[in-house]
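Commentary on secondary and tertiary structure
Now for the letters of each chain:
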Amino acid sequence: ERKKKMKFLILLCLLLNVIVSIQCVNMKANDPSLALSVMHTNYFNSHTGSWEGDIKIESWQEAHVMYTYLLFQQYKIDTNISVKITVENVYSKHANDDVFESMDTSMDVVWWAFAWATAGEVFSEFKYTQKAINIYNILLDDYYDFSTGYCGKGVWKDKSNANYKPVDANFMVLALTSKLYALTRDNSFQKAASDMIDFINEHHLISSGLTNLAFDTLQVSPGVCDVAYTENPKLISQSALLAGLGNALIYNGGLKTMNCNTKIKKKMNYHQKKLDHLPYEDKMIRKISKLINPKHTDDMSPCEMGANLKELIKLNLNQIRYQYVKEGILAQSCDATRCGADRASSKGFYIAETGKLLNLIGEQRSPMEEVIHTSANSLSKYVKYNSYGSVWYKQSTDFSPASQASAINLLVMAQVL
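Now for a look at the structure at hand. All values derive from a computational prediction rather than experimental measurement.

**Overview of the sheet that holds strand E3 (residues 164–166)**
Here 3 strands make up an open sheet; going across it, the order is E3-E4-E5 and the pairing antiparallel. Every interior strand has two partners, whereas the edge strands, E3 and strand E5 (224–228), have only one. The average angle at which neighbouring strand axes cross in this sheet is 20 degrees, direction not considered. The pairing of strand E4 (residues 217–221) with E5 spans 5 bridges and is classified as antiparallel. Within the sheet, the bridge partner assigned to Gln-219 lies in E5 and is Asp-226.

**With respect to the environment of Gly-253**
Here Gly-253 is to be found in the loop between helix H10 (235–250) and helix H11 (255–258). A residue is classified by how much of its surface remains accessible, and Gly-253, at 1% relative accessible area, is buried. Residues Gly-253 and Leu-278 lie 25 residues apart in sequence; the distance between their C-alpha atoms is 5.0 Å. Excluding residues within four positions of it along the chain, Gly-253 makes contact with Leu-278, Pro-279 and Tyr-280.

**What to know about the pattern of salt bridges**
Counting across every chain of the model gives 12 salt bridges. For Lys-84, the salt bridge is made with Glu-88, and the minimal N-O distance between the two is 3.5 Å. Of this pair, Lys-84 and Glu-88 both sit in helix H4 (residues 83–93), separated by 4 residues, roughly a single helical turn. Exposure remark for Lys-84: the relative accessible area of 27% places this residue in the partly exposed category. Here Glu-121 ties to Lys-179 by a salt bridge, and the two come within 3.0 Å at their closest N and O atoms.

Cut-offs applied
Residue positions within a chain follow its written sequence, with the count starting from 1. Owing to the predicted nature of the model, reporting of local features is limited to residues with pLDDT of at least 70; listing and counting of side-chain atom pairs is limited to 80 or more, with chain, interface and lining totals taken over all residues. Note that water and hydrogens are dropped before the side-chain values are worked out from all heavy atoms of the structure. DSSP calls a pair of strands paired once it identifies at least 2 bridges connecting them. Each helix corresponds to a stretch of at least 4 residues labelled H or I by DSSP, and each strand to a stretch of at least 2 residues labelled E; elements are numbered beginning at the N terminus. Angles run from 0 to 180 degrees between N-to-C directions of axes, and those axes are lines fitted to C-alpha atoms, restricted for helices to the stretch in contact. Each residue gets one of three labels from its accessible area relative to the maximum for its type: buried under 20%, exposed over 50%, partly exposed in between, using a 1.4 Å probe on protein chains only. Residues are treated as being in contact if the distance between any of their heavy atoms lies within 4.5 Å. The salt bridge criterion pairs a side-chain nitrogen of Lys or Arg with a carboxyl oxygen of Asp or Glu, the two atoms within 4 Å.

Here it is as structure tokens:
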């Protein structure tokens, strides 16, 4: 009888240990720093300065992974991984700009330029900004359409300049040139951003009506210059739209107009203070506002325009909720089968840019903020050895640097908001 009691007590102790261990894992499951450590350990190859996994990721997705590291520096989140050392490692491997000459698409090139510009911004080191400028010049030489005739301007998908201009890459050019203007105060970058807004407006790359969603492609052939969805609008196009318009507003001093009558939700961090002190570029802000809403008039005051811009941003975010949110969790149609790495990266980037805008414009109790927290809570149920797949509402089978980075974007913004 005594032995039976001892066995029972031993089993009970073991069971309690298991329960406590599970609770500890669940408590850590929403920790972005731990998720970054796992991604760094599992995927980063310091010899090549790249992230490698069983599932191959494209070059632009690698740039998004580096962008994910930079979020920790941008929002001052503690991590055991040295973001600076990692970025320096990648920088040393990118010393020769020929690596960008050999990339396959304009999306690859513009994303690496955007990532390096972000590094220049968060570390205040011009060598990273210069790297972004070098890559941008490659983009101009190899992908930009300088023709002024029918369907001219914008960037082609690849060097063959064959038949279409991807909307996502062109919106990323707007995000990049806006950021480079803020970092350098070089008017050529502001002009490039202004020209891109004209291109977007002329070819109606944003759908009209109440949706304000981006189309996927601008199809080009003799006598044809028309926008199209390759499928029901892809999230990758919407994330680029949000990055393009959001960065154009932010880096041209638009925070001042959108925060006229709103107190920032939390005490501003260093990154927010830097952005808030950018000079107000009235001409650019008015051009952006007219792109989003043609009813904006030249006699509107900056505060009136800012209030309208905030409403339109919220409208766009709510439309995204209608298209991509399942039971409060961000999802994509391919989740039912298997999403590629590009879908994983675009989902994380969309969350990061959404969170940044919500945080900067002081929006409180936004429905999209609820989506971010609900998605993060759901994700914690399906973590596997602190690794995350591309689906956030059920168990995933595809684990990659892209899916891990996407989840980290979500966990970071859940913490920031």
